[in-house]
Amino acid sequence: MDMDNKIKIEALLSGKVKIETPDMKVYHEVKRRWDNAAKPLDSLGRFEDITARVGAITRNADIDIDKKAVIVMCADNGIVEEGVSQSGQEVTLAVSRAMGRRESSVCKMASKAGMSVIPVDIGINSDERIDGVVHKKVCKGTRNFSVEPAMTRGEFLRALQAGMDIACEAVNRGIKLICLGEMGIGNTTTSAAVVCALTGLSAKEAAGRGAGLDDGRLRKKVSVIEKAIEKYDLHNADAACVLETVGGFDIAGMVGVMVGAALCRTPVVLDGVVSCAAALAAVRMFPEIKNYLIASHMSSERTAKYVFDELKLMPVINAEMALGEGTGAVMMCALLDIALTLYKDQLTFDDIEIEKYTRFV
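Note that the structure is predicted; figures quoted are calculated from it, not measured.

(A) Looking closely at the sheet that holds strand 3 (residues 134-135). Read across the sheet, six strands follow the order 3-2-1-4-5-6 without closing on themselves; strand pairing throughout is parallel. For this open sheet the edge positions go to strand 3 and strand 6 (293-295), each flanked by a neighbour on one side alone. When strand 1 (residues 68-75) meets strand 4 (residues 177-183), the two strands line up parallel, connected through seven bridges. Within the sheet, the bridge partner assigned to M73 lies in strand 4 and is E182.

(B) Molecular detail of the nonpolar core. In terms of nonpolar packing, the biggest core is built from 94 residues, with I122, F156, M258, M285, I289 and L293 touching the most fellow members. Residues contacting I122, with those up to four places away along its chain left out, are M73, C74, A75, K136, K137, V138, C139, A159, A162, F249, D250 and G253. Among the nonpolar cores identified, the runner-up in size contains 43 residues, and A52, V117, I124 and A339 belong to it.

(C) Seen up close, a nonpolar patch on the surface. A contiguous nonpolar patch, built from L347, I352 and I354 and spanning about 260 Å² of accessible area, is present on the exposed surface. By the element assignment, I354 lies in the segment after helix 14 (327-344). Here I354 falls in the partly exposed class, since its relative accessible area comes to 46%.

(D) Spotlight on unusual backbone geometry. Although it is not a glycine, D233 sits at a positive phi angle of roughly 55°. Assignment of secondary structure puts D233 in the loop between helix 9 (215-231) and helix 10 (239-246). Positive phi, close to 55°, is recorded for R265, a residue that is not glycine. Relative to the assigned elements, R265 resides in the loop between helix 11 (249-263) and strand 5 (268-270). For R265, a relative accessible area of 31% puts it in the partly exposed group.

What counts and what doesn't
- Numbering of residues starts from 1 in every chain and runs along the sequence as written.
- At least 70 in pLDDT is required for a residue's local features to be given in this predicted model, at least 80 for side-chain atom pairs to be given and counted, and no such filter applies to totals for whole chains, interfaces and linings, which use all residues.
- Each side-chain value is worked out from all heavy atoms of the structure, with water and hydrogens disregarded.
- Here the rule is simple: two strands pair whenever DSSP picks up at least two bridges between them.
- Numbered from the N terminus, helices here are DSSP runs of H or I no shorter than four residues, and strands are runs of E no shorter than two.
- Joining through side-chain atoms within 4.5 Å is the link that ties buried Ala, Val, Leu, Ile, Met, Phe, Trp, Tyr and Cys residues into a set, and such a set is a nonpolar core.
- Each residue's exposure class comes from its accessible area (1.4 Å probe, protein chains only) as a fraction of the maximum for that residue type: buried when under 20%, exposed when over 50%, partly exposed otherwise.
- The contact criterion used throughout is that any non-hydrogen atoms of two residues lie within 4.5 Å.
- Surface patches are defined over residues having more than 30% relative accessible area and no salt bridge, joining like charges when they lie within 9 Å and nonpolar side chains (Val, Leu, Ile, Met, Phe, Trp, Tyr) when within 5 Å.
- Using the Shrake-Rupley algorithm and a 1.4 Å probe, accessible areas are obtained, with residue cover drawn only from the displayed protein chains.
- The working definition used for a salt bridge is a side-chain nitrogen of Lys or Arg within 4 Å of a carboxyl oxygen of Asp or Glu.

Read these as geometric descriptors, not functional statements.
So this is what it looks like as structure tokens:
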């Protein structure tokens, strides 16, 4: 799809624009090429499937994901007023400034992996325009959803549109694969609330300790989520309503990134639990998006497993990480690049003059 003319989120919501299904003929062509490599069949495991999915998404068996970017949505959450986080909102601003200087954790890791980082202020609670950070602010943070819905429908749509635009702009600049990242104090509470509402999980099952909550604050976090689910009857709400009510601008923005990437035939790599919540909401709103998602790692936050099970996605790394910012996605991409060296520069069975393995199943 030509994204030079900006697609509006309303066109997608109304059904005027459709997300295309990946080309499974290309998927099977990539698998055939893997089978021709001088190695046991399927011996690179999930990396063979991931590369085949990338080929199907991009409609090209000559896999090219050399130019990759991490889009990091930065936003504050009004729910921190309820004491559900160990840190205050000043941390969101401080880390976002570090991203602008390319000094944060994800920036250092992405530099090593040869990837670019696109930090986005979609809702930081500050008037500052941060050098090196894309300014797409919807509001200075969401509202406290214990008191009122986190955002209005108009704010929600603006956050979706911002994510779409940033994804499409990145693809137009040559980016071939997009990783999701986020930064925002309180967003493990918002993401747990979103997953609870969409899956029926209890708050005790979904809520984790985030950046290190003690037992008292964890109980508070669980209570806040339970009360919001009941107050707004969210088990009977659709995904858009759930995001508006208990989500964050970072989560809504990531949904928009997934939409934009899918429209641009570009794969998306999920990171930790917050991006998982965004993915679940995105797939509930636009089921075709699932075909464009790649799971990078299993977060130590318990909600991630429930989401991956529902979406039938299997992460590559299981290292109990919970850093966020897109760091797990970057690590998986580094492994994927290594696997792709064998795909792009194959030693074949013909090269070594022996009979290739036969696939029986």
